[in-house]
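Read off the chains here:
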Amino acid sequence: MKKIDDKAFMKMALDLAVKGRGFTSPNPMVGAVVVKDGIVVGSGYHEAVGKAHAEVNAIKDAGNSAKGATLYVTLEPCNHHGRTPPCTEKIKDAGIRRVVVAMKDPNLDVKGGGIDYLKRQGIDISSGLYEDRAKRLNEAYIKYVKTKRPFVIIKCAATLDGRIATRTGDSRWVSGEESRMFVHRLRHTVDAIMVGIDTVKKDNPRLTTRIEGMKGQDPIRIILDTHLSISKDAKILHLDSDSDTIIATGASASKDRKAAIEKKGVRILESSVKDGLIDLDILIESLGGLGITSLLIEGGSRVIASSLSARIVNKVIFFYAPRILGGDDGVPICAGAGPELMSESIPLKDINVRRFGDDVMIEGYIDTCSQEL
């Protein structure tokens, strides 16, 4: 009998899962492959929220060949009725003989249900193959189902001497075109993007997704504006976009001002204020309550510093461009007081370094937040 290479087929399933990136939230990305006698007879992935799950697509693709076959799937099959019927019943009815799962579903409402059900049906089950890779793929989903708070990423672009803008606020462009293209793909993958009001005033950004060759998903735009000082002419208040704009503001903002902005279709979210700024820990809790599973923070320097200080950040993505301003009067990555000792700095783990043109991207995870995953 031909030896079956479980690893190769699970890698195929993981590669398929990635195709759903940006379209499945709040659901996870999942890929599946049906294999019979060492040959792939069906494959599929979860294409978008509300559409069929990966297992269903793969079994449908396999047709009658699914009987007696092995199913490789990157996440434990669901065993409950949601937007779609349980995948476990589809697996049983198709006559699948064996199921190989990369990771169990961390959702406490369904944890273990799919695997336990399939075992009771006499189906051979094994799990844990490429579990770490599967968890990394769905890090936002895991964080959200465990904590009901979004997975938070900080992104910034800086010169080699750590400045994100000159003393005049000019930041176009610190990084190169390839880096900026990557950031737009990153925006496509997250539920929401957040900046402070100073960034809106200086850069007047749209915070939309622009990807050549495809229609990317615009993230929900969140503006931190304690005193609701945003200009009525700001681009972000006049967008043709399928996603929403939310302004987080303090209780002191005038009711008339709030009403005028809400007439533009923008949501006002009154939030707690701490030391004159929006309390980010409380805000993150509120965003989780709105169903936001992932958040990309793009600045500015005060927002980045406040986010790190509030310990809400899970991941950082820093782009360093081969430029040097050569002075101490530019805008730093973080604004405000830092720790007195190097031992009090924020450690990162699982570091990844990539090149985008001449830029260097350093990606890492905040060690203090790793237990959430």
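Residues numbered from 1 in each chain as written. Predicted model: local features only at pLDDT ≥ 70, side-chain atom pairs only at ≥ 80, totals over all residues. Heavy atoms only, no water.

All right, on to the environment of I96 then. Inspection of the secondary structure puts I96 in the loop between α3 (87–94) and β4 (98–103). You can call I96 buried: its relative accessible area is 5%. Residues I96 and S65 lie 31 residues apart in sequence; the distance between their C-alpha atoms is 9.4 Å. Those residues in contact with I96 that lie beyond four places of it in its chain are V34, I59, A66, A69, L71, I91 and I123. (Helix = DSSP H or I, 4+ residues; strand = E, 2+ residues; numbered from the N terminus. Buried < 20%, exposed > 50% of the residue type's maximum accessible area, 1.4 Å probe, protein only. Contact = heavy atoms within 4.5 Å.)

Pairing between strand β1 (residues 31–36) and strand β2 (residues 39–45): six bridges, direction antiparallel. Note that in β2 the partner of V34 across the bridge is G42. With antiparallel pairing between neighbouring strands as the criterion, β1 and β2 make up a hairpin whose turn holds two residues, including D37 at a positive phi of roughly 55°. (Pairing = 2+ DSSP bridges.)

Counting 41 residues, the largest nonpolar core has M10, V34, I91, I96 and V99 as the members making the most contacts within it. If we skip the residues at most four places from it in the chain, I91 touches E55, I59, L71, P77, I96, V99, L118 and I123. Membership of the second largest hydrophobic core comes to 32 residues, among which are L186, I223, I317 and A321. (Core = buried A, V, L, I, M, F, W, Y, C linked by side-chain atoms within 4.5 Å.)

This part covers unusual backbone geometry. The linkage connecting S25 with the following residue, P26, adopts the cis geometry, with an omega of 10°. Structurally, the position occupied by P26 is in the loop between α1 (6–18) and β1. That bond from G299 to G300 is cis: its omega, 5°, falls within 30 degrees of zero. Despite not being glycine, N204 shows a phi value in the positive range, around 50°. Relative to the elements of secondary structure, N204 occurs in the loop between α8 (197–203) and β9 (220–224). Judged by relative accessible area, which is 27%, N204 ranks as partly exposed. The backbone of L207 sits at a positive phi, close to 60°, despite the residue not being glycine. Among the secondary structure elements, L207 is positioned in the loop between α8 and β9.

This paragraph deals with the sheet that holds β2. Read from one edge to the other, the open sheet built from five strands follows the order β2-β1-β3-β4-β5, with strand pairing classed as mixed. Sheet topology places β2 and β5 (124–127) at the edges, where each strand pairs with a single neighbour. Strand-to-strand twist in this sheet, taken as the mean axis angle between neighbours without regard to direction, amounts to 15°. Two elements, strand β3 (residues 70–75) and β4, share five bridges in a ladder whose sense is parallel. Bridged to Y72 within β4 is V100. On the sheet, helix α2 (residues 54–62) packs against β1, β2 and β3 and is oriented at approximately 140° with respect to β2. (Axes fitted to C-alpha atoms, helices over the stretch in contact; angles between N-to-C directions.)

Take T208: it is sitting in the loop between α8 and β9. The exposure class assigned to T208 is buried, which follows from its relative accessible area of 10%. In terms of polar contacts, T208 uses its side chain to reach the side chain of R210, at 2.7 Å. Excluding its chain neighbours within four sequence positions, the residues that come into contact with T208 are H184, R187, D218, R221 and L239. (Polar contact = N/O pair within 3.5 Å; in protein donor to acceptor, adjacent residues only side chain to side chain.)

Under the counting rule described, the total for this entry stands at 18 salt bridges. Across the salt bridge formed by K258 and E270, the nearest N and O atoms sit 2.7 Å from each other. Of this pair, K258 sits in helix α9 (residues 255–262) while E270 sits in strand β11 (residues 267–270), and the two are 12 residues apart along the sequence. When salt bridges with common partners are traced through the structure, they connect R136, E139, K315, D350 and E363 into a single cluster. (Salt bridge = Lys/Arg side-chain N within 4 Å of Asp/Glu carboxyl O.)

For the rest of this paragraph, the subject is the sheet that holds strand β17 (residues 348–356). With mixed pairing, the nine strands of this open sheet are ordered in space as β11-β10-β9-β8-β14-β6-β15-β18-β17. Every interior strand has two partners, whereas the edge strands, β11 and β17, have only one. With direction set aside, neighbouring strand axes in the sheet form an average angle of 20°. When strand β15 (residues 315–320) meets strand β18 (residues 359–366), the two strands line up antiparallel, connected through six bridges. Bridge pairing links I317 to E363 in β18.

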